[in-house]
Structure formats: C-alpha cells, structure tokens
Amino acid sequence: MSLSRKVKIALDENRMLILSAQVLFGFQLLGGFQEGFAELPSHARSLNCLALVLMALTIGLLIAPSMQHRIVEEGRDTIRIHGVAGLFAGIALLPLGISLGLDIYVVFEHVFNIDAAMTAGGSFCALAMLLWFVVGFSLRLRLKVPAMCEKEEPTSLSTRIEQMLTEARVIVPGAQALLGFSWWWRSPELSKTSMPP
C-alpha cells in the first residue's frame, strides 16, 4: 500500500472518530441545560463538566493531525503525518474513555447509588483501557508490525484537493450537529417567553 493511501486511511479514521466525538460532546453539552441537572449533587455536576472538557480535548486531539496535514505539511503525504495521525488517535482514546466513564458514573449515581456508579464508571474505564491499549499493544507485539520504511513522494494536486474536500465534508456535519444541539437546550419556558404573543 502506498504512503499516500496509508495517510488517507489514517486521516479518514480520525475524521470518523471526530464525528462521533462531536455528537457525544453535543449530548454532554445538552445535559447541562436540562431541568434535572440542577437537582444533581454538586460533585456530579462538576464531574459532568470535567467529562465535557475531556470530550473537547478528545475532539482537539482528533482534529490536530488533519490540521497539521493541511497547515504544516501543506497537504503533502509524509511519514511524519502518518505517525502523528496514529499517535494522536491513540492519545485521544484516553480522555474519551475517561469522559464516557464519568458520564456513566453520573447517570448511575442519579438512578441507583454511589456504589453502583463507581462500579459501572470504573468498570467501563478499565474495560476500555484494557481493550484499547493493553490488547492493542499486545497484538502489535505479537504481530510484530514493521516500522514504515516507505519513500515519500510528491502528493498529486488531485489527492490534496480530495483530502481537503473530505475534511470539509466532516467539519460541516459536525458543526451542523452542534448548532442543532445549541437550539435544543432552550427550555419550553424560554421558548414561550421569547415568542411574540
């Protein structure tokens, strides 16, 4: 497989993760504007805010390789950008797993009790880290994945344009989803007072 194809696949995988993270971020953001949010204990609200910050960090880590590809490498496919895409995707899994674990904790504490919340949230985080990192690294060692020793070649203009258009196709739906979530947060009371009689 050519280096150009490997870079495209790596960046496309990051872009798919970005869309998922943006949707989760929107739901987390929406939760803070629900009526029941004020009824949560202060530590649960703080954990929800921490989960939101971690999800924003996840999105930032997933977006960074595409921006480096576009800005630093000027759209050229390089061994460095292929490595960066994989590294940042791997790092992004850590705040993603913790964020989801915190969300699970908050929900389970509200529905059940603190013991169930700690068990559910902790179990999710532990299982995610086990599957994402421990199993991943052990498979890498077992399969003995060779280091990339490809030769960098100039990236064609058509490939650069195709990748730029793909990035735009990912950014626009994510922005639309977040815009939709920002309209949802409005409570019925606010809608009634802001509408003309």
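Owing to the predicted nature of the structure, the values given are computational and were not obtained by experimental measurement. (Residues numbered from 1 in each chain as written. Predicted model: local features only at pLDDT ≥ 70, side-chain atom pairs only at ≥ 80, totals over all residues. Heavy atoms only, no water.)

Applying the stated criterion across every chain, the model contains four salt bridges. Close ionic contact of Glu 73 with Arg 80 constitutes a salt bridge, the shortest N to O distance being 2.7 Å. Of the residues examined, Arg 80 reaches a relative accessible area of 35% and is grouped as partly exposed. We note a salt bridge from Glu 74 to Arg 76, for which the minimum N-O separation is 3.1 Å. A cluster of three or more residues bridged by salt bridges with shared partners is formed by Lys 8, Asp 12 and Arg 15. (Salt bridge = Lys/Arg side-chain N within 4 Å of Asp/Glu carboxyl O. Buried < 20%, exposed > 50% of the residue type's maximum accessible area, 1.4 Å probe, protein only.)

All right, on to helix H4 (residues 114–143) then. Here H4 contains 30 residues, and its C-alpha end-to-end distance of 42 Å stays within 8% of the 44 Å for a straight helix at 1.5 Å per residue. Its axis deflected by about 35 degrees at Leu 130, H4 carries its strongest bend there. Where H4 is concerned, the buried positions are Ala 117, Ala 120, Gly 121, Cys 125, Ala 128 and Met 129. On the buried face of H4, the contacting elements are helix H3 (79–111). (Helix = DSSP H or I, 4+ residues; strand = E, 2+ residues; numbered from the N terminus. Expected span 1.5 Å × (residues − 1). Bend = angle between axes of the 7 residues up to and from the residue. Contact = heavy atoms within 4.5 Å.)

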